[in-house]
Amino acid sequence: MTENARGARPGNRRSLTPLRGLVPYLSRYRGLVAGAFVFLLLSSAATLVLPIAVRQMIDHGFSSDDGAAIQGYFLILILVGFVLALASAMRYFFVITLGERVVADLRRDVFDHLTRLSPSFFDGVHSGEIVSRLTADATQIKSALGATASIALRNTIMGLGALGMMVFTSPRLSLLALLSFPLVVLPIIVFGRTVRNRSRWAQDALAGAMAMAGEQIGAIRLLQAFVNEDRASRSFTEAVNAAFRAARKSITSRSILTFFAILAVFTSVVVVLWVGSQDVLSGKMTGGTLGQFLLYAVLAASSLGALSEVWGELQQAAGAAERMSELLAERPIITAPAQPRSLPSPVRGEVEFRNVTFCYPSRPDTLALRNLSFRVAPGETVAIVGPSGAGKSTIFSLLLRFYDPVSGSVLVDGVEIDRLDPKELRSSIAIVPQESVIFADTAANNIAFGRPDASRAEIEKAARAALAHDFIMALPEGYDTQLGERGVTLSGGQRQRLSIARAILRNAPILLLDEATSALDAESETLVQQALNHSMEGRTTIIIAHRLATVLKADRILVMEDGMVVEEGTHHELVRLGGVYSRLASLQFDVGPEILSGAAE
Ligand SMILES: Nc1ncnc2c1ncn2[C@@H]1O[C@H](COP(=O)(O)OP(=O)(O)OP(=O)(O)O)[C@@H](O)[C@H]1O
């Protein structure tokens, strides 16, 4: 599919081909499409009948003394008006509903798809830009499907109908009018392409500006703390102005297009009118026929004019559809094998890294892990320590199979994890990240993120184990309190305990803890530590350790440096060794000389 999308791209530059991607969505709602078509045809037919009524009135109505005939024509006119009004209203209803429905589906599909893409995709993109595709591009497609497509269709039908009626009314004058056709079509072809390219640039520029706004607003506290409001304002203004300049270019092309199209249409109408009036004067044609022809000509001309305008909009929408389908064409790198193996039931929780070498796809020249091997027995607690950038978090990412190693293998309970369905693998793991992630939802739902089908009693039990119950009960609405975006209403320690409760609720055999480096006050620290101890009970636990208490409690410590395990043992063994660990411990854990020397004795 990725290949198809790529292959189709060059041709798309000139065409509306990307809109074809919407056909499967439209075909789901055949009723709405049919309704839109029926009322489109009906309203066009009603409009096309009007000039005939006008001709009858000019040729017969005004010359006859028969008042009843005039009344009859007016009654017909009112009837036609009624049909026109009703059909137009119904067309609007069907067409706009269809647009909303299809775009809602499209947004859902794109979001669904995004949530399934591998983390490596997000390493290389700006999340704000993706969100902009979900909003701005989708809105453009919606307006294209809702209004623009309907205008285009209506005017095509009306234009063709009016053209037919023109030929029927006066072939000679029609021929004259048709000669001017290339004059109208030419600017559409010439400018249409420019409009589409420029509109894509405008959308790209807008997406960039929105991404920036999202990032800055998301970090509003930091922004204000560093008094960077003016600088952020300036760069946002610059980004918005760039988007404006891009949009103005696109608008300019469209304006020029509109100017030439309308000018060409009306010039030819005036020429035709002049020739026609000569015919009426010489008696070759009645005044009514000329009136009827003229109305059809105006209808055809305005249809063409409208078409040239919406053509640009349709091309914009094609640009938006192209960007959306690019997202949909992105394939996750990490997928389940065709015939996935299963983990033993119950999962024991044994973890093994066997000669794992890995580099991040975005940094192919730097090895994050080098020929790394270690094994964690079921139920064991292993602490990983090492300087920043040693590769500790990378171990977690590989164990969760966010990335595949370049060589070597990662095993859980003796099964290579790339032979498993990633969902099954990840179901057997709970993680407490270093930065607690809190969603703008209730306390209960934030914990239930660990296991969405958990009952309120189970949520409370997990919260008690994580020592979060008491502070949650003290919130204004207890478990139903909204926590605000990223949990701004909670303290650091409270956020951590909530995050621990989430992991406890998950009740997975393997627990990954990335200990927070941020300092908490002694009381919070003790609470978090106790909560962690509860969460580790009966599970295989791997902790990226930043605290002395943690390493002292661990069954084993792996010391990492530069993507490799360089030392292994208990705290006391490693201190006695006097190598990397003892140096690290004295710096990182603030282990004084007495503890070090005491341990060495
Ligand atoms: N998503 C990523 N894309 C590219 N490189 C990355 C990515 N994440 C980490 N790295 C790089 O991989 C190396 C190992 O990083 P890792 O996060 O595993 O270190 P760490 O030991 O956990 O460090 P810290 O204690 O500071 O969190 C580093 O050089 C880092 O710059």
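Going along each chain's sequence as written, the residues are numbered from 1 onward. This being a predicted model, a pLDDT of at least 70 is required before a residue's local features are given, and a value of 80 or more before pairs of side-chain atoms are given or counted; all residues contribute to the totals for chains, interfaces and linings.

Draft legend 1. Quick look at the overall build of the protein chain. Only DSSP runs of H or I with at least four residues qualify as helices, and only runs of E with at least two residues qualify as strands; both kinds are numbered from the N terminus onward. Each helix and strand in the protein chain was counted, giving 22 helices and ten strands. Radius of gyration here uses only the C-alpha atoms, and the compact-globule reference equals 2.2 Å multiplied by the residue count raised to the power 0.38. Relative to the 2.2 N^0.38 estimate, which gives 25 Å for 601 residues, the radius of gyration of the protein chain is 35 Å and therefore markedly larger than a compact globule would have. Exposed residues have 12 or fewer other C-beta atoms within 10 Å of their own C-beta, buried residues have 20 or more, and partly exposed residues fall in between, where C-beta atoms are placed from the backbone. Across the 601 residues that make up the protein chain, the buried fraction comes to 36%. Contacts here follow a simple rule: the backbone-placed C-beta atoms of the two residues must lie within 7 Å. Counting contacts in the protein chain only where the partners sit at least 6 residues apart, residues at least 24 apart contribute 80% of the total.

Draft legend 2. Examining the site of the ligand more closely. Being near a molecule or strand means, for a residue, that its C-beta atom, positioned from the backbone, comes within 6 Å of it. Near the ligand lie 13 residues; those nearest to it are Tyr360, Ser388, Lys392, Ser393 and Thr394. The dominant element in the shell around the ligand, judged by the number of residues it contributes, is helix H12 (residues 392-399), at three residues. Each residue gets one of three labels, nonpolar for Ala, Val, Leu, Ile, Met, Phe, Trp, Tyr, Cys and Pro, charged for Asp, Glu, Lys and Arg, and polar for the others, Gly among them. Here the shell around the ligand is composed, by residue class, of three nonpolar, seven polar and three charged.

Draft legend 3. Representation of helix H17 (residues 492-506) in the model. Expected span of a helix: the number of residues minus one, times 1.5 Å. Between its first and last C-alpha atoms H17 spans 22 Å; for 15 residues at 1.5 Å apiece the expected length is 21 Å, and the two agree. The buried count for H17 comes to 14 of 15 residues, which makes it a mostly enclosed element. Downstream of H17 by one or two residues, asparagine 507 has phi in the positive range, about 50 degrees.

Draft legend 4. Molecular detail of the packing of helix H6 (residues 127-169) against helix H11 (residues 287-329). In this description, a line fitted to the C-alpha atoms serves as the axis of each element, helices being fitted only across the stretch in contact, and the angle between N-to-C directions of two axes falls anywhere from 0 to 180 degrees. Between H6 and H11, the shortest axis-to-axis distance is 6 Å and the interhelical angle comes to 155 degrees. Taken together, the axes of H6 and H11 are roughly antiparallel relative to one another. By crossing handedness, the relation of H6 to H11 is classed as left-handed. In the contact of H6 with H11, the residues fall into 24 nonpolar, ten polar and four charged. The scheme is simple: roughly parallel for angles under 35 degrees, roughly antiparallel for over 145, roughly perpendicular for 65 to 115, oblique for anything else. By convention the crossing between two helices is left-handed if the near helix lies anticlockwise of the far one by an angle smaller than a right angle, and right-handed if it lies clockwise.

Draft legend 5. Fine view of the nonpolar core. Counting residues in each nonpolar core, the largest one holds 75 residues, and the members touching the most others are Ile384, Ala466 and Ala501. Ranked by residues supplied to this core, first place goes to H17 with six residues. Aside from chain neighbours lying at most four places away, what touches alanine 466 is Arg497, Ile500, Ala501, Ile504, Ala531, His534 and Ser535. Among buried residues, those of type Ala, Val, Leu, Ile, Met, Phe, Trp, Tyr and Cys that are joined through C-beta atoms within 7 Å form a set called a nonpolar core. Val102, Ala138, Ala261 and Ala318 belong to the second largest nonpolar core, which has 52 residues in total.

Draft legend 6. Local environment of the sheet that holds strand S4 (residues 407-412). Reading across the sheet, the four strands line up as S2-S1-S4-S5 and stay open at both edges, with antiparallel pairing between neighbours. Since the sheet does not close on itself, it has two edges, and those belong to strand S2 (369-376) and strand S5 (415-416), each with one partner. With five bridges connecting them, strand S1 (residues 351-358) and S4 associate as antiparallel partners. In the strand pairing of S4, glutamate 352 is matched with leucine 411. The strands that H12 touches are S1, S2 and S4; relative to S1, the one it contacts most, it runs at about 110 degrees. Think of it this way: DSSP has to see at least two bridges between two strands before they count as a pair.

Draft legend 7. Highlighting H6. Look at H6: 59 Å from first C-alpha to last across 43 residues, which is about the 63 Å you get at 1.5 Å a residue. Note that the bend at a residue is defined as the angle between axes fitted to the seven residues ending at it and the seven residues starting at it. By the largest-angle criterion, alanine 144 marks the main kink of H6, which is about 40 degrees.

Draft legend 8. Inspection of the packing of helix H15 (residues 456-465) against H17 at higher detail. The geometry of H15 relative to H17 is characterised by a closest axis approach of 8 Å and an angle of 125 degrees between their N-to-C directions. When the axes of H15 and H17 are compared, the pair comes out oblique. Of the two possible hands of crossing, H15 and H17 adopt the one that is right-handed. Between H15, through Glu458, Ile459, Ala462, Ala463 and Ala465, and H17, the contact on the second element is made entirely by Ala501, Ile504 and Leu505. Classifying every residue of the contact of H15 with H17 gives seven nonpolar, no polar and one charged.

Draft legend 9. Representation of the confidence of the model for the protein chain. Summary of the metric used: pLDDT quantifies the predictor's per-residue confidence within the range 0 to 100. Across the protein chain, the average pLDDT comes to 81, with 91% of residues at or above 70. Scored below 50 in pLDDT, residues 1-14 shows 14 contacts in the model against residues more than four places distant or in partner chains. Every residue in residues 596-601 scores below 50 in pLDDT, and together they form nine contacts with partners more than four places removed in sequence or on other chains. Across the interfaces of the predicted complex, the ipTM metric reaches 0.94, alongside a pTM of 0.70.

Draft legend 10. Broad picture of the sheet that holds strand S7 (residues 510-514). With respect to topology, six strands assemble into an open sheet ordered S6-S7-S8-S3-S9-S10, the strand pairing being mixed. Edge strands, defined here as strands with exactly one partner in the open sheet, are strand S6 (429-432) and strand S10 (564-569). When the angles between neighbouring strand axes are averaged without regard to direction, this sheet yields 20 degrees. Here strand S9 (residues 556-561) runs beside S10; their pairing, made up of five bridges, is antiparallel. Among the inter-strand pairings, valine 559 is bridged to a residue of S10, identified as glutamate 567. Seen against the sheet, H17 touches S6 and S7 and runs at an angle of roughly 175 degrees to S6. Its contacts with the sheet put helix H21 (residues 580-588) on strand S3 (381-385), S9 and S10, and the angle it makes with S9 is roughly 95 degrees.

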